Amino acid sequence: MNTDNIRNTHYKSICVKDPSIENNHGHIPPIYATSTFTYEDLDAAFAFFRGENKIPIYTRFGNPSVGFVAQKIADLEACDVDEVKEAKGLLFASGMAAISSALLSQLKSGDAVLCQAVTYGASSDLIHNSFKALGVESVDSDFKDMEKVKRIIQANPTIRVVYLETPANPTLSCVNIKAVADLAKQYDIKVIVDNTFATSYAQQPFRFGADIIVYSSTKFMNGHGTGLSGAVVVKNEEDFQKAYKIQKNFGGILSPFEAYLLNIGIKTLPLRMVQHQQNAQQLAEFLSFHPKIKKVNFLGLDSHPDQELAENQMFGPTGMMSFELEGGLDAGIKFQKNIKFCTRTASLGTTDTLVTHPASTSHSVVPRDKRLAIGITDGMIRSSVGIEYIEDIIADFAQALDAV
Ligand SMILES: Cc1ncc(COP(=O)(O)O)c(C=O)c1O
């Protein structure tokens, strides 16, 4: 995959430019640190509550510091995508708040979700356990055999949503979004895609027919690890109103301060993504030739089973990878203990290179037998490759491997 391929379009300008909100001409839009907005025009305020206008009233209903960032994320998802006329976004307190709200906006008791087998641990727990308690059943699939997916849908007429996370955390397995969306449309099923790993820089699910995009914008979008946030992006007014109602009534809004930090991060997203991808490519190539490494999951390597699919639906392999050491869990723990320059932490998408152990962190809630069945072994290490000098990253991995 070509990691030098820089997305040289209007996309970069959307990342950088901010609107002048509420006729305030601050170069950077201000943080409206307020719970309420005064009723300058009482009739307009009454009209708001009748649903006749969209003026700022109360921060849970919308805050100008948050709204324009949500719209920026939506514009990035729709940039150069001819099929989408008007994308709209909402920001939430975390990725999980966004994912649960998107699902709540489309599901009711008695419905079912067809879910990608490999997803972030909490998303899997949410769908299989929290939603089950609300009367929503779930079925798993790896989406590799579309005839099988069709049979699952035909056998389960209550399926109303297909939930995909592509590339998936932490195996980087990918799903053909177009194939799934084309099938789902025939059965009036909504397709929701978690785009956290790729971001709209590397993949635009609307291009392939997805209905709703969700994010942990805590990760690459914010890019600096300064706070949590989540996004829901939709492509029609009906889905927007459904998600907005859930946000208003369940209340999982993003604070104006976190929105400010997120917006600052997004300005450099294209530059960071290029560097993440280039560094990850070099690190993956180093690891794939190392005698103590059994397997590297990275979409820029020909050895990844979904490399070709990623090449077709993505714009670069992202900065994420996972790998397995010869020697399993013990070797994995030793490797992590020996890491010195890079950072041991559970998150991803920040400017520094992060190393984590999915089995005991991000996927600890997934039952061990299921975890092993979907390829998340006890010894697997996940790395979010940062934008530091690549030789420093490789030297740290090399010395940590020497000590294993
Ligand atoms: C792919 C993916 N989706 C969603 C989430 C949840 O995001 P948050 O921690 O912002 O709630 C994560 C967190 O790691 C993730 O990796």
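Values in this document were obtained by computation on a predicted structure and should not be read as measured data.

Thresholds applied
- Residues numbered from 1 in each chain as written.
- Predicted model: local features only at pLDDT ≥ 70, side-chain atom pairs only at ≥ 80, totals over all residues.
- Domains from an automatic or database assignment.
- Contact = placed C-beta atoms within 7 Å.
- Helix = DSSP H or I, 4+ residues; strand = E, 2+ residues; numbered from the N terminus.
- Nonpolar A, V, L, I, M, F, W, Y, C, P; charged D, E, K, R; others polar.
- Near = placed C-beta within 6 Å.
- Expected span 1.5 Å × (residues − 1).
- Buried ≥ 20, exposed ≤ 12 C-beta atoms within 10 Å, placed from the backbone.
- Arc of directions from axis to C-beta.
- Core = buried A, V, L, I, M, F, W, Y, C linked by C-beta atoms within 7 Å.
- Axes fitted to C-alpha atoms, helices over the stretch in contact; angles between N-to-C directions.
- Parallel < 35°, antiparallel > 145°, perpendicular 65-115°, else oblique.
- Left-handed = near helix turned anticlockwise from the far one by under 90°.

**Student:** Honestly, the domain arrangement of the chain in this entry has me stumped. Any pointers?
**Tutor:** How big an interface is tends to be expressed through the accessible area that disappears when the partners come together. The domain boundaries assigned to the chain delineate domain 1 (11-266) and domain 2 (270-402). Inter-centroid distance (C-alpha atoms) of domain 1 to domain 2 is 27 Å. Of the residues lining the interface, 32 residues belong to domain 1; the matching set on domain 2 comes to 34 residues. Counting residues per element, the ones that place at least two in the side of domain 1 that touches domain 2 are helix 1 (11-16), helix 5 (121-133) and helix 8 (199-202). Partitioning the side of domain 1 that touches domain 2 into residue classes produces 17 nonpolar, twelve polar and three charged.

**Student:** What am I meant to see in the site of the ligand here?
**Tutor:** Taken together, 16 residues sit near the ligand, with Ser94, Gly95, Tyr120, Ser216 and Thr218 positioned nearest. Only helix 4 (95-106) and helix 5 provide two or more residues apiece to the shell around the ligand. Taken together, the residues of the shell around the ligand sort by class into five nonpolar, nine polar and two charged.

**Student:** Explanation requested: helix 15 (residues 390-402) in the structure shown.
**Tutor:** Helical periodicity: at 3.6 residues per turn, an α-helix aligns residues three or four positions apart in one direction. Between its terminal C-alpha atoms helix 15 stretches 18 Å, which fits the 18 Å expected from 13 residues at 1.5 Å a residue. Listed in full, the buried residues belonging to helix 15 are Ile393, Phe397 and Ala400. All buried residues of helix 15 fall inside an arc of 65 degrees around its axis, so they share one side. Of the residues in helix 15, the exposed ones pointing more than 90 degrees away from the buried face are Glu391, Ala398 and Asp402. Here the buried face of helix 15 lies against helix 11 (269-288) and helix 13 (328-338).

**Student:** I tried to follow the nonpolar core on my own but got confused; where do I start?
**Tutor:** Considering soluble globular proteins, one finds that nonpolar side chains tend to be buried as a cluster. Ranked by internal contacts, the top residues of the largest apolar core, which has 109 residues, are Val113, Val214, Ala231 and Val232. Counting residues per element, this core draws most heavily on helix 3 (residues 64-78), which supplies seven residues. Leave out the neighbours within four places in its chain, and Val113 touches Leu107, Ile127, Phe131, Val136, Ser138, Ile159, Val161 and Tyr163.

**Student:** How should the packing of helix 11 against helix 15 be read in this particular structure?
**Tutor:** Interaxial distance between helix 11 and helix 15 falls to 10 Å at its minimum, and their mutual angle equals 30 degrees. In terms of axis orientation, helix 11 runs roughly parallel to helix 15. The crossing of helix 11 and helix 15 is right-handed. Residues Asn279, Gln282, Leu283, Phe286 and Leu287 of helix 11 pack against Ile390, Ile393, Ile394 and Phe397 of helix 15. Residue composition of the contact of helix 11 with helix 15, by class: seven nonpolar, two polar and no charged.

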